[in-house]
Each structure stands twice: as C-alpha cells, then as structure tokens.
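Structural overview
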Amino acid sequence: MDTLISEENWERLLLRVQKPSRYIGREINSYKKDWESAKVRIVFAFPDTYEVGMSHFGISLLYHLANSHQEYIADRVFAPWLDMEQELRSHGLPLLTLDQKRPLKDFDIVGFSLQYELSFTNILTILDLSGIPLFASERKNGDWPLIIGGGPCVFNPEPVAPFFDFFVLGEGEEVLINVLEKIQLKKENKLGRKEFLEELRHIPGIYIPEFFEDTYDQNGVFKGVKPVFDDYEAVEKAVVSDLDEKSPLPAKPIVPYMKIVHDRLSIEIARGCTRGCRFCQAGMIYRPVRERDPYRVMDLADRALHCTGFEEISLLSLSSGDYTNIEFVLSSLMAKHREEQVSIALPSLRIGTLSSTLIEEIKKVRKTGFTLAPEAGSERLRRVINKDISTDELLEISSYIYENGWQLIKLYFMMGLPTETNEDLEAIVDVCFKVWSIAGKARPKGKVNVSVSTFVPKPHTPFQWCKQISLEQIYRNLDFFKKRLNKKGMQLKWHNPPQSFMEAILSRGDRRLARVIFTAWKMGARFDGWTEHFKFDLWKEAFKSSKLPEHLWNASKKDLDEPLPWDHLHSKIEKDFLVKEYKKALSGEYTSDCRWHKCLKCGVCDFKNIEPVLKKAEPDQYSQVKSLPNNDKNVDSFFYRLKFKKTGTSKLLSHLELVGVFTRAIRRARLPIAFSRGYNPHMKISFWHALPVGFESKSEYLNMTLEEKLSCEEILRNLNKELPCGIEVLQAENTKKLVRWPEEFIVVYNVRLFDGIWQEESWDKFKANPRHIERTTKKGKKRTFDTMKYINSLVFHDEKTLYINLKQSMTGCPSLLEILGAIFGPAYATPWRISVVKLDILPVTGDNLWQQN
Ligand code: SF4
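Residues numbered from 1 in each chain as written. Predicted model: local features only at pLDDT ≥ 70, side-chain atom pairs only at ≥ 80, totals over all residues. Heavy atoms only, no water.

On to the overall build of the protein chain. When you go through the protein chain residue by residue, the secondary structure sums to 24 helices and 31 strands. Its C-alpha radius of gyration of 30 Å places the protein chain within 12% of the 29 Å reference for a compact globule of 853 residues. Structurally, the protein chain occupies a C-alpha span of about 90 × 65 × 55 Å along its principal axes. Counting across all 853 residues of the protein chain, residues that qualify as buried make up 58%. The long-range fraction of contacts in the protein chain, counting pairs at least 24 apart against all pairs at least 6 apart in sequence, stands at 77%. (Helix = DSSP H or I, 4+ residues; strand = E, 2+ residues; numbered from the N terminus. Rg over C-alpha atoms; globule rule 2.2 N^0.38 Å. Buried < 20%, exposed > 50% of the residue type's maximum accessible area, 1.4 Å probe, protein only. Contact = heavy atoms within 4.5 Å.)

Moving on, we get to a positive patch on the surface. A cluster of basic side chains, namely Arg443, Lys445, Lys447 and Lys488, defines a positive patch on the protein surface. By the secondary structure assignment, Lys447 is in strand E17 (residues 447-454). (Patch = residues over 30% accessible without salt bridge, like charges linked within 9 Å, V, L, I, M, F, W, Y side chains within 5 Å. Areas by Shrake-Rupley, 256 points an atom, 1.4 Å probe, with all protein chains shown as cover. Salt bridge = Lys/Arg side-chain N within 4 Å of Asp/Glu carboxyl O. Lys, Arg positive; Asp, Glu negative; His and termini not counted. Charge placed at Lys NZ, Arg CZ, Asp CG, Glu CD.)

Turning our eyes to something else, we now look at the site of the ligand. Close to the ligand lie Pro288, Cys594, Cys599, Leu600, Lys601, Cys602, Gly603, Val604, Cys605, Phe607 and Pro612. Its residues placed into classes, the shell around the ligand shows nine nonpolar, one polar and one charged. (Near = heavy atom within 4 Å. Nonpolar A, V, L, I, M, F, W, Y, C, P; charged D, E, K, R; others polar.)

Let us look at helix H7 (residues 193-200). Within the sequence span of H7, burial applies to Arg193, Phe196, Leu197 and Leu200. Taken end-on, H7 shows its buried residues confined to a sector of 95°, consistent with a single buried face. (Arc of directions from axis to C-beta.)

The next subject is the packing of helix H1 (residues 7-14) against helix H4 (residues 82-91). In contact at an axis separation of 10 Å, H1 and H4 are set at 135° when each is read in the N-to-C sense. One way to sum up the angle between H1 and H4 is to call them oblique. For the pair H1 and H4, the contacting residues are Trp10, Leu13 and Leu14 in the first and Met84, Glu87, Leu88 and His91 in the second. Looking at the contact of H1 with H4 residue by residue, the class counts come to five nonpolar, one polar and one charged. (Axes fitted to C-alpha atoms, helices over the stretch in contact; angles between N-to-C directions. Parallel < 35°, antiparallel > 145°, perpendicular 65-115°, else oblique.)

A word on the pattern of salt bridges. All told, the structure shown has 56 salt bridges when counted by the stated rule. The residue Asp424 makes a salt bridge to Arg380 at a minimum N-O spacing of 2.8 Å. With Asp424 in helix H15 (residues 422-441) and Arg380 in helix H13 (residues 379-384), the pair connects residues that are 44 residues apart, well separated along the chain. The class for Asp424 is buried, based on a relative accessible area of 3%. Residue classification places Arg380 among the partly exposed residues on the basis of a relative accessible area of 33%. When salt bridges with common partners are traced through the structure, they connect Glu171, Glu173, Glu268, Arg271, Arg290 and Arg292 into a single cluster.

All right, on to the nonpolar core then. Residues Leu315, Phe662 and Met704 are the most contacted members of the largest nonpolar core, which totals 213 residues. Setting aside its immediate chain neighbours within four residues, Met704 contacts Phe638, Phe639, Tyr640, Leu642, Ile666, Leu671, Ile673, Lys684, Ile685 and Ile715. (Core = buried A, V, L, I, M, F, W, Y, C linked by side-chain atoms within 4.5 Å.)

This part covers the environment of Lys493. Examined against the element boundaries, Lys493 turns out to sit in strand E18 (residues 490-494). Among the residues examined, Lys493 registers a relative accessible area of 41% and is labelled partly exposed. As for Lys493 and Gln281, which are separated by 212 residues in sequence, their C-alpha atoms are 23 Å apart. Other than its neighbours up to four places away in sequence, Lys493 contacts Asn449, Val450, Ser451 and Val452.

This part is about the side chain of Arg139. Tracing the backbone shows Arg139 in the loop between helix H5 (120-129) and strand E4 (146-150). In terms of polar contacts, Arg139 uses its side chain to reach the backbone carbonyl oxygen of Pro133, at 2.8 Å. Discounting residues that sit within four places of it in the chain, Arg139 has contacts with Leu127, Ile132, Pro133, Leu134, Trp144, Pro145, Ile147, Phe163, Phe164, Asp165 and Arg193. (Polar contact = N/O pair within 3.5 Å; in protein donor to acceptor, adjacent residues only side chain to side chain.)

Read across the sheet, three strands follow the order E10-E13-E14 without closing on themselves; strand pairing throughout is parallel. Each edge of the open sheet carries a strand with a single partner, namely strand E10 (265-268) and strand E14 (343-345). The sheet shows a mean angle of 25° between the axes of neighbouring strands, taken without regard to direction. The pairing of strand E13 (residues 312-316) with E14 spans three bridges and is parallel. Counted as the bridge partner of Glu312 is Ser343 from E14. (Pairing = 2+ DSSP bridges.)

A contiguous patch of negative charge on the surface is contributed by Glu379, Asp388, Asp392, Glu393 and Glu396. For the negative patch, the element with the highest residue contribution is helix H14 (residues 391-403), accounting for three residues. Tracing the backbone shows Glu396 in helix H14.

On to H1. Listed as buried for H1 are Trp10, Glu11, Arg12, Leu13 and Leu14. Those residues of H1 that are buried are in contact with H4.

Let us now look at the domain arrangement of the protein chain. Parsing the protein chain into structural domains produces domain 1 (7-236), domain 2 (239-351 + 587-625), domain 3 (367-495), domain 4 (638-740) and domain 5 (744-852). Distance from the C-alpha centre of domain 2 to the C-alpha centre of domain 3: 26 Å. The partner domain 3 presents 24 residues to the 16 residues of domain 2 that form the contact. Summing both partners gives a buried area of about 1,700 Å² for domain 2 against domain 3, and 65% of it is carried by carbon and sulfur. Broken down residue by residue, the surface that domain 2 buries against domain 3 is led by Arg278, Phe279 and Ile351, which jointly contribute 50%. Between domain 2 and domain 3 we count zero salt bridges in total. Here domain 2 and domain 3 share eight residue pairs in polar contact (both at pLDDT 80 or more) between them. In terms of residue class, the side of domain 2 that touches domain 3 is built from eight nonpolar, four polar and four charged. (Domains from an automatic or database assignment. Buried area = accessible area lost by both parts, 1.4 Å probe.)

Take unusual backbone geometry next. Cis rather than trans, the peptide bond between Arg287 and Pro288 has omega equal to -10°. By the secondary structure assignment, Pro288 is in the loop between helix H9 (281-285) and strand E12 (290-291). The residue after Arg443, namely Pro444, is reached through a cis peptide bond having omega -5°. Secondary-structure assignment places Pro444 in the loop between H15 and E17. A positive phi angle, close to 55°, is found at Lys547, a residue other than glycine. In this fold, Lys547 is placed in the loop between helix H19 (536-546) and strand E19 (569-570). What makes Lys547 exposed here is its relative accessible area of 71%.

Moving on, we get to the sheet that holds E4. Pairing is mixed in the open sheet, where six strands are placed in the order E2-E1-E3-E4-E5-E6. Because the sheet does not close on itself, it has two edges, and the strands there are strand E2 (72-78) and strand E6 (206-207). By the bridge criterion, five bridges tie strand E3 (residues 109-113) to E4 in an arrangement that is parallel. Looking at the pairing, Phe112 lines up with Gly149 of E4. Seen against the sheet, H5 touches strand E1 (40-46), E2, E3 and E4 and runs at an angle of roughly 160° to E3. Its contacts with the sheet put helix H6 (residues 173-189) on E1, E2, E3, E4, strand E5 (166-168) and E6, and the angle it makes with E1 is roughly 135°.

Before going further, it helps to spend a moment on the confidence of the model for the protein chain. In the predicted model, the protein chain carries a mean pLDDT of 93, and 97% of its residues have values of at least 70. In the model, residues 626-631 has pLDDT below 50 throughout and makes 11 contacts with residues more than four positions away in sequence or in other chains. (pLDDT = per-residue confidence, 0-100.)

This brings us to the side chain of Ser119. Locating Ser119 in the fold gives a position in the loop between E3 and H5. From its side chain, Ser119 meets the backbone oxygen of Tyr116 in a polar contact 2.7 Å long.

With that settled, the discussion passes to the pairing of strand E30 (residues 834-842). Regular strands place side chains that alternate from one sheet face to the opposite one. When strand E22 (residues 695-706) meets E30, the two strands line up parallel, connected through three bridges. Looking at E30, one finds that Phe695 is bridged to Val836.

What follows is the structure, encoded as structure tokens:
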C-alpha cells in the first residue's frame, strides 16, 4: 500500500464514500501474516458488498482453513460499492485487499465465491479494478493470478466460464489445500499456466473450462461439449466425507466493525438435506447429510463466543430442525450462555421439524417473527414439489406460534411451480387468510407477512427441464395477489419479476451468455441482485447487441433427452434419479427422506467413503452440560466512567460501530457487565456524544455498570487488550453513582488543513460581520444559531493549523463543520480536506465538568 497511496490519503479517500468501514479491514481475528515469507497467496473474492460477503459462512471457513497453514496467506476482497468504484477509478487506484492492503494482481490465486447469478457482473468489476484481463484467453501469457470460482453457481458456471481459469465443483476444503500445494510446486518448478492446468485436471472436483468445447447446430442450438482430453470427459463434485475431521470450524471468526447482514457467530451444524424438495438446488448438490458432533459444536461455540464477543449464535444447516441433536444442543447452549445474554438463532426451520420443545426453547430468546415456508398453497402442489406438509399441520403450528407469544408469522410461497393452476394460486390466498384469521384471534392480535417469489428452474434438480412462467404471467399473478391479499394485519412482499427472469436465463445458460454479461457490465450493470440497482432495459439491450439466438433469452421447457450445458459436471446424483423424480412430481408422488427411510439410490453415496453421517449425543454425556441459573436475581451495581481515545483508522468508524466495538470488547474481556431487565436486555453502557465519522479524539467518555467491583487498573488492562488499534481506554474511574453528562461544555479542537492555508482575514471579516447559521430539521423546521455565541476562542497555530474552542450543548448547537463553513467557506468544512482532533473537554464555568446522578 505504501507505494500506491499513503495511509493518510487512503483514509481521506474513504471519507468520500458511504460506509468506510467496508474497506478498513484488519478486524479482530483477521490475519496479518508476513507477505514475503508466504509460499502461496490467495485472495477470496466475494462479488457483493462487505456486509453481504462477510455474512457468508463458506468464505470464512476457507479463509481460516488456508490461513491455518503457516506457509499460505489468505486474504479477502469484496465488490466496492458504486461510490468507491468511482473513487478508485478517478484516483487511478486498484482495488485493495482487506488484510494485506495489496492489489489482487500480487496474489497467486483469486478465488471467487459464486453464490448467485445476479452477482456475475461484480466479478468483472473486481477484476477490472485490479487491472487483471477479464477473459482467461487474455491471461494465457504473462504472470497473472489464476482466477478460480467455487460455490453453487459452479454447478453450471458456463455463462461465466470464459472469465475463469478453473472452478472447484462441490465442497472446497480438501481441494483448496490440494490446489495450494500444487501452486507451491508450480512456483518452485516454474511451470507454465498450460502445463499446470493440464496437471490440475487430475484433482477430483477441478473443472477447467478451456479443456471442454461447446458445440452448436446451424440454428445455434446447444449440442453438448467436446472434451479436449480423453481422460477428462466429465468432472465429479468433491465431497467432504466427515465434517468434523476434514472441515474444521473457525475457532476465531472475524468480528466485523460494521453491522453485516448476519452479524453473529455462525456455526455450521450439518451439511446436506435429503428432504428432496424438487425445486431446491442446495438440497440436491450438497447431499448426503453430514452432521457435526454435538459436543464439538458446543465446545466451538464456547470458545468462539469468548474470542469474538458476539451476542448471538446461529446454528446453520439447510434444515436446522432436522439435526439429530437439535433440542439437546439448543437447550444446552441456551442454559450455558443465558447469563451472558447470548441468544441462539435457527435460521432455517422446516415446518415438519418444529416440535413443541424446540418452540419452547426458541421463545426463550426472541419472538420477533417466525418464518414458515409452505412454498405452495395446495396440498396437491406440495406433493408435486415433494414438500410433505398438510395445510392442517401448517395451521396447527401457526396457532401454536401465536399462542406462544409471537406476533408475526412470515409465510413464504413460490409461484410458477410446475403444474401450477389457478386453483393453486387461490389456495395460497386461502392459506394466508386462514393463518391471518388465527392471527386475528391471538391476544395481542398477530400479523402475517406473505412473501411470494417466482420459481426459477435450477440445474441438477428434478425441475431442471421445466420452464419459468412468462414475465406477463408473473405480473398477472402478482396483480391477483395484490388484490386478494389486501387486509389489515397482512403484508404482501414479492420478488422483483425481471430479476427472477434474469436469474433463470443465467442459471441454465451456456457459454455464449458471457458475451451478454460482459456487454451488460460494460454498459454499467452492477449489483444486479440489489433491486434498486438492477437495470432490466440494460440487460435487454446487452442481449440484443450480442446477436445471440433468441432462444437463449427464454427460460422455456427442455426435453428430457436434450443436451444440457452442465451435463459434463456431475453432482454425483444420477440423471436417471432426477428423471424419475421429475416424473413422480408430475404424478404427485411423494419421495421419502433417506435420512429416516431407506436409501433411494440417488447415486451420491458409495457407502465406502461417502455416506450419510448422523451423530447422536450419548445419553450419559448429557449431564456434562451444566445449566446455569437464570439471571432473575438481585445484583449489585458498580459504576465506572471511562475516558478513551479514538485515533488513526478507527476515526472511520461511525458512532454505532464504535458502540459495537466496545460491547464486544467488554464481552471478550469478560467484564462482569450489568444488563437491563425485561424482554430485550441491553448492556448497561452509555456514551457521551457521538463523534462524527472522520474526527479523531483524545477525550471521549462512556459510563458502564458492572455487577462486581473491579479495580480501575484491571478494567484498563483487560479492556485495552481487546480493543482494536487506535481505540484505547486512557482512564477508568469508579464513581459512587452514574455520572451525569454535562449539559454544556467547551470542546477543544485542533484542525489541520491538508490542502491550502487558513485565511486569517476571513476570520477577521467574520468577527466584524458575524453570520448566523441556519439549519432545517428533518421535520422542516428552521433553526437559527448566533454563531459567535458558540466560539469561545480561535487561534491560528500556523498557516495550516488552528485551535478552536467551541461551546457545545446536549440540546443542540452548530457543529464544528458548520462553524468552519460559515467562517471560511464550505471548502474548508469538507471532511476529507481537513484533519480534526478533539483534544479535550472543559467545563463552561468553574473546574468541575462532572456531576453524579
Ligand atoms: S445415495 Fe441413498 S443414502 Fe445417499 S443421499 Fe442418495 S438416497 Fe440418500
């Protein structure tokens, strides 16, 4: 980074964009290894924002796995938001990684996580901003990093295949380490790209697109792929046979500064789901079911909570309720961590798995909303999709949920499923009304949110041959739902139809679509998964200008014997099994779950290395998990006032982010912090004044209440060990009562100009003819401030630096930037043009700033 841009200029650049904490990196538990001594360097790239990518468990798993090897460096990069892309381009800067702060070009591999098709254009942004040629064919000569991809989209990566050197099909843990070892050898033996790829083809799960050629007939109809090598005609997905042995959970997950989408400790408890929903790609490609050992899960949860400070644990699986030990793990974790006010979330619960014990456990921590996904309205259509839930069962569980204190049920449905008729749409309305009527009888009255998305046929599922309904039909259905589901207490939400259409086109497309993606990106497509940024007209234009056959712009039905672009990529499920399931769907025949019933011979398990893995907790070990008493007890309170500084990069954190940094540091430091009582307990900690983003301070304060008395030295020592660089507690004081924040005070600022010099005559003119500052509140009210009343003193230290003492109050006053703007003009009040340090806080009169409540 030193050679590209100075730390100071980088921070100034970040002040020009929304949410600078997306790009800060170097979070708690991230790695900062020595660049020079590493043998292989990989960067994991997620083609969406930091807050989306950091919520993805897979990238965290692989990041920690690669870094657990001394000789490898694994780093991270995310798609820059539009403002950051523009800043990087206008400053001629490359996109930098988060830990090493290096351009992607410096790495040996860039590994993209391909989770959803509508993130494809962001891949090109990341490559382009890194100065890496977009097409693999342009990287054949030269020392470019290898561009690789993994994730569910790799089960048909053809639309993006021309941009990649190779893909990892299936589960990456073992393949990744294998590839890193091979790259180390490649570097040592100075192997060329071609030679290296030829060698790589022998690793199971590695798909190298340039070793397969697409073929088409004279009408441009896809006719299959032609392999280049006789010994490389198809690729089988990689499967991890036992998660406990081969896929270690990250014991020290990264703690982000900013609020990410899933801002909690995520622990994968199982992989795979064999319920057999016929539309569900994840249910097919991640077979078989493999559970993690419950004791390892609980042990990991303990350790990871203590080194992260997260307030919530999420037990991840495609269907958490199916995990053999779910009730045991849930109740044990709840009992163990209730004292610390840690809650547990089960993000994907199937209706059939909701036992009363499970609901009892979940209700102990949160009742914000309960999600149920019947997917189809009628029982007939639920049989077609293999979702074995009766409407009675759904209604019964809904009653139980409202009776147990939840006020909101979210119902998820899909429209356009194969064989759907108008009666099935009516049945969705009918089910919604029935749940709504149950909600109406609950006390207090409950609510229903209905979410409708459009079916997207996905490769490797029994519905891979089915059509998607037309856009016109989607809009007609939506109109129908909007008219019918229009009741007080019921809210309808839907997925944007053109985005569902594009997803269908890209998920079953062939290699030719790379041209469309490239053109759309060139025309400005970015963040297509974000409804507010998705530009359908632009995609239509890109397709038109690519001059591809019309049938590629159509998610129509496919024949069972038609060659498919992903036929050479094997999920291990036999095609015959998918055909059989497709036919059973048409006749409404249910297929049981091989987890509970006999093997259905889908083809995934060989019963030597790969088979379902269910791990039951031994009954005699149950007693080892000790429950702690609940916290309804009388506790003592000890009050402390802390003075701290916020300097360096931490100045880029918002006030809310700073609060998160402290609350998690307090948990990691294991301070006996007190919590408020009631349904939603909060840590007893309060900050004085929110410091604007970009300001440094050597004089910030917070109050906190502990349940046990600690010495101030102990607090300082323990807390400072857990605070990130730039934030440090300078003083701790044990007070008799909570300190009341002063109403009025003087703030001493040091303000330095980066460019230009302070115009002293502007200050002279202002004093002679002071102007008032006018501000309009959010409600449109005007407020006027007599500026001079707030300026205690202003002294020019030199031509670039001044000291200004401002009288500030808790009830509203002009800000430093408003005052500087009024005196010197707006250019002097631009956050990235000045460096502000809050030096001290002084009393307005006398010498005592503090009062105790
Ligand atoms: S091979 Fe049998 S046991 Fe294994 S996932 Fe398929 S159906 Fe289940």
